[in-house]
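Understanding the architecture of this molecule
Residues per chain are reported as follows:
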Amino acid sequence: MKILVIHGPNLSLLGEREKDIYGSITLEEVNSNLLAKAASLNIELEVFQSNSEADIIDKIIAEKNNIAGILINPAAYTHTSVAIRDCIAGVNLPAVEVHISNIHAREDFRRTSLIAPVCIGQISGFGMNSYLLGLEALVAYLERG
Ligand code: DQA
């Protein structure tokens, strides 16, 4: 079973970006933790980061027949992207939305996710563990429904 992991805009800056909010973990560290978790769950991961809405959509469409589900941190596109929302709805694959910070405890504009309604669930506020918990939840959903 293969899962597509998508990191949205500015997540390549993890480790140097707003450390008081996102901590000092880097994207490479997030990815190596995810790969270790995937190995323990006996699944395959493909990891993709882009700052471009179009590239994220193109990647989901390119992989849709090769993957069982999507783990996505849409970053700022969470709050703005009807196009990513429509893509996730359109490919009809289970998706889990994750956030490092608790988007519900920050500015008002972050409290709305356009993506969450087309996902099976959202995990927000647990730092890097949001990704690991999200992966576990997605795999459990795919294996047990
Ligand atoms: C984020 C939260 C978003 O509001 C923000 O735009 C990000 C990161 C998070 O992981 O906490 O870039 O998705």
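Residues numbered from 1 in each chain as written. Predicted model: local features only at pLDDT ≥ 70, side-chain atom pairs only at ≥ 80, totals over all residues. Heavy atoms only, no water.

1. Regarding the overall build of the protein
Stated precisely, the cut-off is as follows: Strands are runs of DSSP state E lasting at least two residues, helices are runs of H or I lasting at least four, and both sets are numbered from the N terminus onward. The quantity called the radius of gyration is restricted to C-alpha atoms. Its globule counterpart is 2.2 Å times the number of residues to the power 0.38. Three labels apply to residues, based on accessible area from a 1.4 Å probe with only protein chains included: buried if under 20% of the type maximum, exposed if over 50%, partly exposed otherwise in between. Two residues form a contact once any of their heavy atoms are found within 4.5 Å. Per-residue accessibility takes into account occlusion by the displayed protein chains alone, with areas from the Shrake-Rupley method and a 1.4 Å probe. Positive: Lys, Arg. Negative: Asp, Glu. His and the chain ends are not part of the count. Just so you know, the charge point we use is NZ for Lys, CZ for Arg, CG for Asp and CD for Glu.
Looking only at helices and strands, one finds five helices and five strands in the protein. Of the regular secondary structure in the protein, the N- to C-terminal order runs β-α-α-β-α-β-α-β-β-α. Here the protein has a C-alpha radius of gyration of 14 Å; the compact-globule value for 145 residues is 15 Å, and the two agree. Here the protein holds 145 residues, and the buried ones make up 47% of them. Sequence-distant contacts in the protein: of pairs separated by 6 or more residues, those separated by 24 or more amount to 75%. In the form shown here, the protein has an accessible surface area of approximately 6,800 Å², with 48% of it arising from carbon and sulfur atoms. With 11 positive and 17 negative side-chain charges, the protein shows a spacing of 4 Å between the two charge centroids.

2. Description of the sheet that holds strand E1 (residues 2-7)
To keep it simple, the criterion reads: A strand pair is defined by DSSP finding two or more bridges across the two strands. The axes used here are C-alpha line fits, helices contributing only the stretch in contact, and every angle between their N-to-C directions lies in the interval 0 to 180 degrees.
The strand order across the open sheet formed by five strands is E2-E1-E3-E4-E5, and the pairing between neighbours is parallel. Every other strand in the sheet has two partners, leaving strand E2 (44-49) and strand E5 (121-124) as the edge strands with one partner each. Looking at each pair of strands side by side, their axes are set apart by 20° on average, direction ignored. Sheet topology note: the E1/E2 ladder contains six bridges and is parallel. Bridge pairing in E2 places Leu 4 opposite Glu 46. Seen against the sheet, helix H5 (residues 129-144) touches E1, E2, strand E3 (69-73), strand E4 (95-99) and E5 and runs at an angle of roughly 160° to E3.

Functional significance is not addressed by these values, which are geometric in nature.
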